[in-house]
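# Architecture at a glance
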Amino acid sequence: MSWAASPAAAGTARGAEDPPGQPGRADGGPAFPRRIRSVSGAASIVGAGLIWIVLLGPVITLLTHLSWHAITSSLSYPGALDPLIVSLESGGVTLAVLFLFCTPLAYKLARGSLPFPRIWEAGVLCALLLPPLVIGLLLVFMVGPYTPFGDLIGHFNLSATNTFLALVIAEVYESAPYYVVGAQAAFGSVSPRLEQQAELLGDRPRRVFRRVTLPLSAPGLAMALSVAWARAMGAFGAVIIIAYHPYGLPLQIFTTLQETGLASALPYALVLLVVALPLPLAAYVWSARAQGRRRG
Amino acid sequence: MLKADVEVDRRDFTVRASIEVAQGERLALFGPSGAGKTTVLETIAGLVDPKTGVVELAGRTLTRTSRPRVAVPPWQRGVGLLRQDPGLFPHLSVRDNLAYARPAGSRGGELTSLADALGIGELLSAMPARLSGGQQHRAALARLLLARCDALLLDEPYAGLDAAARRTLTALVVRLVTERGVPAVLVAHELADAQAFASRMAVIDRGGVLQIGDPDQIVLRPVSTRVAELVGYLGFAEVGELAAGIHPDRVLAGAVPDRGPVLTGTVAASRPAGAGWETDIQLPDSVVTCRLADRPGPPGSPITVTALDPPLFGRDGSAVDTMAAGLRREV
C-alpha cells in the first residue's frame, strides 16, 4: 500500500451533482387521497360537504325553479335584453378604468414604495368596508348636481346622476377596493429580487414590468379583475341611489320583482349569473393552467 | 478594472470599502454575516446608493457623489449579479432565461455552446422549476455570461448547495472568469469558499476592510487578533510579552522547538473532528483549541504541543513582525 492518494479517489467528488437530463422531481411522488382514519375525520368531511352545498344552495335553487317557458316569456318582449347590454357596457368601462388607474396604486402598495404605506392601505380598506348604500348616498353629495364636480361636468353637458356615467361611477366605487386588494396580493407574490435581476440584465423598469412583473402576476391580476367584474355586474346599493336609470341587470331584477313578482324576476337572475360568472371561471382555469406550465 | 471606493450608511454602522479588481482577477470579500459585504456588491451594482464615493468599471464612471454627480442606473451598468437564489424567471423556459438580455440571440450558437459547456445543454426547453439547485445556478451563470457583463458579482451564490456542487461550480466560475478576463467579486462567509475562489481576499468586519492580500498570507499572517479570529484561530497563547495566535490546523503534537513555540498544559476536553481529534488545551493563562491526529489523554492529563510558526500580536491586538521581533527561533 502506498501513502500517495489514488487519482480515482480524488476524482469521485466531481460529477456528484445531478446529471443533466434528469431534472429533480418537482412533486413529492404519487399523491394518494388521504385516507379517512377516524370518526372526527369523517365528520369534518361531511361537515365541509354540507357547508359547500349550503353555499351553493341559491344557485341550485335558481336552476330548479326556472322553467324554459318562464325564461322565453320574460326575455322575449322588445327591449328585454337592454339591461344586459347596459350592464355589459358599464362593466366593461369599469374594468378598463380599474385596470388603468388602480393597477399602479396596487403595485406601489405591494412594493411599499409609498410614504406612510399603512395610511394608504387603511384608505383602501376603508373604501372596501363602506356599505354600498352609504357609498351611493355620499356619491350624491360628491358628484351630484349642485356640487363642484357636477357643475364642472355640467359645462360639458354631462351629469353624474341617473346617467350611464353615474352607473359607471357607482360600479367603480363598489368594485375598485376589491381589485386593488387582489392586485396588490398578485404583485406581492412577485419577488422584487427577480425584478432587480431583470434590471441588471439590462431592462429599464418599464420593460421589466412588461417582461417579468406583469406575466408573473397575470394570473392573480386576472382573478382580481374577475372579482371586480362580478362586483360591478352585481352592483346595486350605490347604483339604486345615484343611477336608477339606465337599468342594469340588478335594477331590472329589483323593478321586475316589485312590478310583476318573483317568477318573472328569476330569468333576469339567471342572465346576471350567466354574464357575471364566466369571466371569473375563465380566469380561474387560466391561472391554474399558468401555474401548471411554470411547474413544467 | 473595477474600482470602488465608497461609504454607505447602514442602520447600525457605516460601510467603508475601497477595492480594486483587475481584469480576470478574482477578489473574495470574506467576513461574518452582517459585516456589510453584500452592501458593497449592491453599491457596485447600483442597487444601493452610497453616501459618498466612486465606482468605476472598465473606464466608465458608474457612481460619483462629488460633482459632477454620476449615478448610472442598474440597467446600464453592465454588471452581473448572482445571488444565493439564482433568480431564474419562472415563467420562461431555460432557453428564454438564457436569452433574456439578448432575445435575438436565442438561436445563436453561443447560447447552445455555452449551455453545453455548463452541462445544461439538454435542459434548454425545460422550465426552471424542473431544475435542481446546481442546474439552476449553472443556468443563472450562463445567463449572466450571455448578457456580456463587464463585471461579475457573486453574493454567496452556493450557500444552499452541497459540497460537491460547490466545488464543481467554483472551478467552473474560476475558469470562465479567467477565460473572459472580467473582474469578479465573491462574497463569502465561509473561509473555504473564499479561498477556493479567490486570487485575492479582503477581510471585512462591521463595515470596514481589515486586511487585503493573498488568501494564504491572510490566514498565516493576520494583521490583528480580530482578523485571526475571523479566519479560524481559536485561542491565543502568551509567548513572552506577546500573544501567539493558535490555528487548530497548525499545531503539531509533542515538542518540536525548530518549528515554533512549544506549549505545555493539560487537556481540558476533546471531541472527534473529521479524521482527528479537536482538543481544548488549558494553558497557564488561556485555553487554545487544536486538531490533533491522535486521540489525547483524558481531561486533566498533561499535554505538550508545538504551534507552527504562529502569528504574534502585541497588547493592542495588532500583529508584530515575527522576524523583526527576533522571536522566531528563540521561543
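For the structure given in this document, a descriptive report is provided here. The structure presented is a predicted model; accordingly, all values stated were derived computationally and were not measured.

### What to know about the overall build of chain B
- When you go through chain B residue by residue, the secondary structure sums to nine helices and 20 strands.
- Overall, the C-alpha framework of chain B stretches about 70 × 50 × 35 Å when taken along its three principal axes.
- Every one of the 331 residues in chain B was classed for burial, and the buried ones make up 43%.
- Of the contacts formed within chain B by residues at least 6 apart in sequence, a portion of 64% connects residues at least 24 apart.

### Considerations on the sheet that holds strand S12 (residues 236–239) of chain B
- Taken together, the four strands give an open sheet; going across it, the order is S12-S13-S19-S20 (chain B), and neighbouring strands pair in antiparallel fashion. Across the chains shown, the open sheet's two edge strands, defined by having one partner strand only, are S12 and strand S20 (319–320) of chain B.

### Structural notes on the pairing of strand S2 (residues 14–21) of chain B
Residue and element names in this part refer to chain B.
- What you see with S2 is a clean split: Val15, Ala17, Ile19 and Val21 sit on the buried side and Thr14, Arg16, Ser18 and Glu20 on the side with no burial.
- Taken together, the eight bridges between strand S1 (residues 2–9) and S2 define a ladder with antiparallel strand orientation. Residue Leu2 lies in a different strand from S2, and its bridge partner there is Val21.
- The hairpin formed by S1 and S2 contains four residues between the paired strands.

### Side note on the pairing of S1(B)
All names here are of chain B.
- Of the two faces of S1, only one is covered, namely that formed by Leu2, Ala4, Val6 and Val8; the face formed by Lys3, Asp5, Glu7 and Asp9 stays uncovered.
- Judged from the six bridges that link them, S1 and strand S4 (residues 52–57) form a sheet pairing that is antiparallel. Bridging across to S4, Lys3 finds its partner in Glu56.

### Details of the nonpolar core
- Ranked by size, the top nonpolar core spans 150 residues in total, and within it Ala170(A), Tyr179(A), Ala28(B), Ala142(B), Leu153(B) and Leu186(B) carry the most contacts.
- Counting residues per element, this core draws most heavily on helix H8 (residues 164–188) of chain A, at 14 residues.
- With sequence-adjacent residues up to four places away left out, Leu186(B) is seen in contact with Arg26(B), Ala28(B), Leu154(B), Ala194(B), Phe197(B) and Ala198(B).

### Some thoughts on the environment of Ala276(A)
- Relative to the elements of secondary structure, Ala276(A) occurs in helix H13 (residues 262–276).
- Beyond its immediate sequence surroundings of up to four residues, Ala276(A) is in contact with Trp229(A), Ala230(A), Met233(A) and Gly234(A).

### Some words on unusual backbone geometry
- His245(A) connects to Pro246(A) through a cis peptide bond whose omega is -10 degrees.
- Here the amide bond leading from Arg67(B) into Pro68(B) is cis, since omega sits at -5 degrees, within 30 degrees of zero.
- With respect to the element layout, Pro68(B) can be found in the loop between strand S5 (60–64) and strand S6 (70–71).

### Some words on the interface of chain A and chain B
- Facing the 26 residues of chain A at the interface are 33 residues of chain B.
- Contributions of two or more residues to the side of chain A that touches chain B are made by helix H9 (192–200), helix H10 (205–234) and helix H14 (278–295) of chain A.

What counts and what doesn't
- Going along each chain's sequence as written, the residues are numbered from 1 onward.
- Labels are handed out in written order, letters beginning with A for the chains and numbers beginning with 1 for the ligands.
- Totals for whole chains, interfaces and linings use every residue, but because this is a predicted model, local features are given only for residues with pLDDT of at least 70 and side-chain atom pairs only at 80 or more, for both listing and counting.
- Runs of H or I in DSSP of at least four residues are treated as helices and runs of E of at least two as strands, each being numbered from the N terminus.
- To sort residues by exposure, count the other C-beta atoms lying within 10 Å of each residue's C-beta; 20 or more gives buried, 12 or fewer gives exposed, and values between give partly exposed, all with C-beta atoms placed from the backbone.
- Any residue pair is listed as a contact if its two C-beta atoms, each placed from the backbone, are within 7 Å.
- When DSSP finds two or more bridges between a pair of strands, those strands are recorded as paired.
- In plain words, the nonpolar core is the set of buried Ala, Val, Leu, Ile, Met, Phe, Trp, Tyr and Cys residues that C-beta atoms within 7 Å link up.

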